[in-house]
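Residues per chain are reported as follows:
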Amino acid sequence: MSYIPGQPITAVVQRVEIHKLRQGENLILGFSIGGGIDQDPAQNPFSEDKSDKGIYVTRVTEGGPAEVAGLQVGDKIMQVNGWDMTMVTHDQARKRLTKRNEEVVRLLVTRHSLQKAVQQSMMS
């Protein structure tokens, strides 16, 4: 999915609610991210046209909170707890996801399989 700055985004999204796992002083989400407006989009393996500077899930820990919630590698994070994530730096995204006072993270994500399913149903 390519994105032109300043233009509206049309995307099929899915809600994912992750309950952080407490390990001592830390709250664990169980996934890693890549991307951001300060990163080189050509290095993003999930960007079809190598121009997408979105935030993507790059790793999901087996059995962790993110996997249990249904998050998948390659998901593009559109929102975190209502905050727009389409034009943020990698560090801004990391900070938004790891806020200490939030034990639940509500994401809106889009994934290619969702987009394809909707396109196929519209063609039938």
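Anything mentioned here points back to the structure above.
Now for a quick tour of the structure. (Residues numbered from 1 in each chain as written. Predicted model: local features only at pLDDT ≥ 70, side-chain atom pairs only at ≥ 80, totals over all residues. Heavy atoms only, no water.)

The number of helices and strands found in the chain is three helices and eight strands. If you list the helices and strands of the chain from N to C, you get β-β-β-β-β-α-β-β-α-β-α. The buried share of the chain, taken over its 124 residues, is 35%. If you take every contact in the chain between residues at least 6 apart in sequence, the share linking residues at least 24 apart comes to 66%. (Helix = DSSP H or I, 4+ residues; strand = E, 2+ residues; numbered from the N terminus. Buried < 20%, exposed > 50% of the residue type's maximum accessible area, 1.4 Å probe, protein only. Contact = heavy atoms within 4.5 Å.)

Take the packing of aromatic side chains next. Scanning the entire structure with this criterion turns up one aromatic pair. With a centroid separation of 5.8 Å and 20° between ring planes, the pair formed by Phe 46 and Tyr 56 is classed as stacked. On the criterion of sequence distance, the pair formed by Phe 46 in the loop between strand S4 (31-35) and strand S5 (55-60) and Tyr 56 in strand S5 is long-range, its members being ten residues apart. By relative accessible area, which is 22% here, Phe 46 ends up partly exposed. (Phe/Tyr/Trp six-rings, centres within 6.5 Å; stacked < 30°, edge-to-face > 60°.)

Another point: helix H2 (residues 90-97). The periodicity of an α-helix, 3.6 residues per turn, causes residues three or four places apart in sequence to face the same way. Considered for burial, the residues of H2 that qualify are Ala 93, Arg 96 and Leu 97. Looking down the long axis of H2, one finds its buried residues gathered within 95° of arc, a one-sided arrangement. (Arc of directions from axis to C-beta.)

Looking now at the layout of surface pockets. Here the largest pocket is characterised by a volume of approximately 280 Å³. When contributions to the lining of the largest pocket are tallied by element, the ones reaching two or more residues are strand S3 (26-28), S4 and H2. (1 Å grid on protein atoms, 1.4 Å probe; cavity = no way out; pocket = protein on both sides within 12 Å on 5 of 7 lines; lining within 4 Å. Points joined across faces, edges and corners; volume = space filled by probe spheres on them.)

In this fold, Arg 96 is placed in helix H2. There is no salt bridge for the buried Arg 96, and the closest opposite charge comes from Glu 102, which lies 5.0 Å off by N-O distance. Contacts of Arg 96, omitting those with residues within four sequence positions, involve Val 80, Trp 83, Met 85 and Glu 102. (Lys, Arg positive; Asp, Glu negative; His and termini not counted. Salt bridge = Lys/Arg side-chain N within 4 Å of Asp/Glu carboxyl O.)

This paragraph deals with the environment of Asn 26. As for its placement among the helices and strands, Asn 26 is situated in strand S3. Here Asn 26 falls in the partly exposed class, since its relative accessible area comes to 42%. Placed 74 residues apart in sequence, Asn 26 and Arg 100 show a C-alpha to C-alpha distance of 8.2 Å. Apart from the residues lying within four places of it in its own chain, the contact partners of Asn 26 are Leu 21 and Arg 100.

Honestly, it's all geometry; don't read function into it.
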